[in-house]
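Below are the chains, spelled out letter by letter.
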Amino acid sequence: MRSVDTKTVYRSFFDAVGFFYENGPRLILVSLLWFLCSLPVVTLGPATLAAYAAIQSLREGYSIDRSHVRATLRRHGLSAVLLTGVPAVFLGISVLYARQYVVSRSALTLALAVVTTYVAAYTWLLLVPTFVGLATGGDLEPELRSAVRWTGQNAVSAVMVAMGTLLVAIVTGLLTVAFALVFAGIAFSFHLEVLLGPVTEQPEDASSPYEESRRD
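Residues numbered from 1 in each chain as written. Predicted model: local features only at pLDDT ≥ 70, side-chain atom pairs only at ≥ 80, totals over all residues. Heavy atoms only, no water.

Right, let's talk about the overall build of the protein for a bit. When its secondary structure is counted, the protein shows eight helices and zero strands. Listing each helix as α and each strand as β along the protein from the N terminus yields α-α-α-α-α-α-α-α. A compact globule built from 216 residues would reach a C-alpha radius of gyration of about 17 Å, and the protein, at 18 Å, matches this within 12%. Across the 216 residues of the protein, 43% fall into the buried class. Roughly 11700 Å² of accessible area belongs to the protein as shown, and the carbon and sulfur atoms make up 67% of that amount. Here the protein contributes 15 positive and 15 negative side-chain charges, whose respective centroids are spaced 10 Å apart. (Helix = DSSP H or I, 4+ residues; strand = E, 2+ residues; numbered from the N terminus. Rg over C-alpha atoms; globule rule 2.2 N^0.38 Å. Buried < 20%, exposed > 50% of the residue type's maximum accessible area, 1.4 Å probe, protein only. Areas by Shrake-Rupley, 256 points an atom, 1.4 Å probe, with all protein chains shown as cover. Lys, Arg positive; Asp, Glu negative; His and termini not counted. Charge placed at Lys NZ, Arg CZ, Asp CG, Glu CD.)

By size, the foremost hydrophobic cluster in this structure holds 41 residues, and its most contacted members are Trp34, Tyr52, Ile55, Phe131, Phe188, Phe190 and Val194. When residues of this core are traced back to their parent elements, those giving at least two are α1 (6-22), α2 (24-38), α3 (44-61), α4 (66-104), α5 (107-135), α7 (155-174) and α8 (177-196). Among the elements that make up this core, the one with the highest residue count is α8 (ten residues). Discounting chain neighbours no more than four positions away, the residues touching Val194 are Arg2, Val4, Val9, Ser12, Trp150 and Val161. (Core = buried A, V, L, I, M, F, W, Y, C linked by side-chain atoms within 4.5 Å. Contact = heavy atoms within 4.5 Å.)

Another point: the confidence of the model for the protein. When the pLDDT values of the protein are averaged, the result is 89; 92% of them are 70 or greater. Averaged pLDDT values for the elements of the protein fall to 92 in α4 and rise to 95 in α2. Ignoring residues within four places in sequence, the model shows residues 202-216, a span with pLDDT below 50, making 22 contacts including any to other chains. (pLDDT = per-residue confidence, 0-100.)

So, about the layout of surface pockets. A volume near 780 Å³ is recorded for the largest pocket. Those elements giving two or more residues to the lining of the largest pocket turn out to be α3, α4, α5, α7 and α8. Sort the elements by how many residues they give to the lining of the largest pocket and α5 lands first, with eight residues. Space inside the second largest pocket adds up to approximately 380 Å³. When grouped by side-chain class, the residues that make up the lining of the second largest pocket number twelve nonpolar, one polar and two charged. (1 Å grid on protein atoms, 1.4 Å probe; cavity = no way out; pocket = protein on both sides within 12 Å on 5 of 7 lines; lining within 4 Å. Points joined across faces, edges and corners; volume = space filled by probe spheres on them. Nonpolar A, V, L, I, M, F, W, Y, C, P; charged D, E, K, R; others polar.)

Secondary-structure assignment places Thr84 in helix α4. It is 7.7 Å that separates the C-alpha atoms of Thr84 and Trp124, two residues lying 40 residues apart in sequence. Setting aside its immediate chain neighbours within four residues, Thr84 contacts Gly45, Leu127 and Phe131. Of the polar contacts made by the side chain of Thr84, one reaches the backbone oxygen of Val81; its length is 3.0 Å. (Polar contact = N/O pair within 3.5 Å; in protein donor to acceptor, adjacent residues only side chain to side chain.)

This part covers the packing of aromatic side chains. On inspection of all chains with the given rule, the structure shows eleven aromatic pairs. Seen in terms of ring centroids, Tyr10 and Phe14 are 5.0 Å apart; in terms of plane orientation they differ by 65 degrees. Their pairing is edge-to-face. You can see Tyr10 and its partner Phe14 sitting in helix α1, four residues apart, about one turn around the helix. In this structure Phe14 comes out as partly exposed when scored by relative accessible area, which is 48%. On the numbers, 5.6 Å between centres and 45 degrees between planes, the contact of Trp34 with Phe183 is tilted. Of this pair, Trp34 sits in helix α2 while Phe183 sits in helix α8, and the two are 149 residues apart along the sequence. (Phe/Tyr/Trp six-rings, centres within 6.5 Å; stacked < 30°, edge-to-face > 60°.)

With that settled, consider unusual backbone geometry. One non-glycine residue with positive phi stands out, namely Tyr62, at about 65 degrees. Locating Tyr62 in the fold gives a position in the loop between α3 and α4. Of the residues examined, Tyr62 reaches a relative accessible area of 34% and is grouped as partly exposed. Positioned with a positive phi, Arg105 is a non-glycine residue whose angle comes to about 55 degrees. Relative to the helices and strands, Arg105 is located in the loop between α4 and α5.

Shown next as structure tokens:
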């Protein structure tokens, strides 16, 4: 994963929109499948990981490599479930503390609500580079360490990525059905563009760059 500044994040957002425009039908399908597979909530992690893997294979090979998506889910599907549970747990705790503060008006309860909300947001930020790393064939422990390091070294850019993602969620959410058809395609392409950079041109008959990362 590369180090980025705010200008790079800004450019990456518009590059991701352009990438979506160029690959609309396939990314709409990815977005729709991500939305449907995420509805049970507990499957949000694997669905997101699969979407990252599909979009990155499209970026690299100009088509969605289904074998790479399946291999990524086999290797890291369970880890994705557990990883997405971490910010969800902290968010739930922060909601409980916030409700308790409304009743008690305790300064300690308010402080705990703020801290747990911050932890939930931070762990969510870590999921983005972690999932990108896993989707490109990495292993869990090294990618987690790399995510912590990248987020610490690029704190402002990481917050901008979060804000850009939230912007896409709000705009597509206001358009109702557009959220299901567009959100994942643009948001996850944006994340991949920020963290991995532009894709190097490859010949059309090039083999998939993920062959070595597959596990039977």
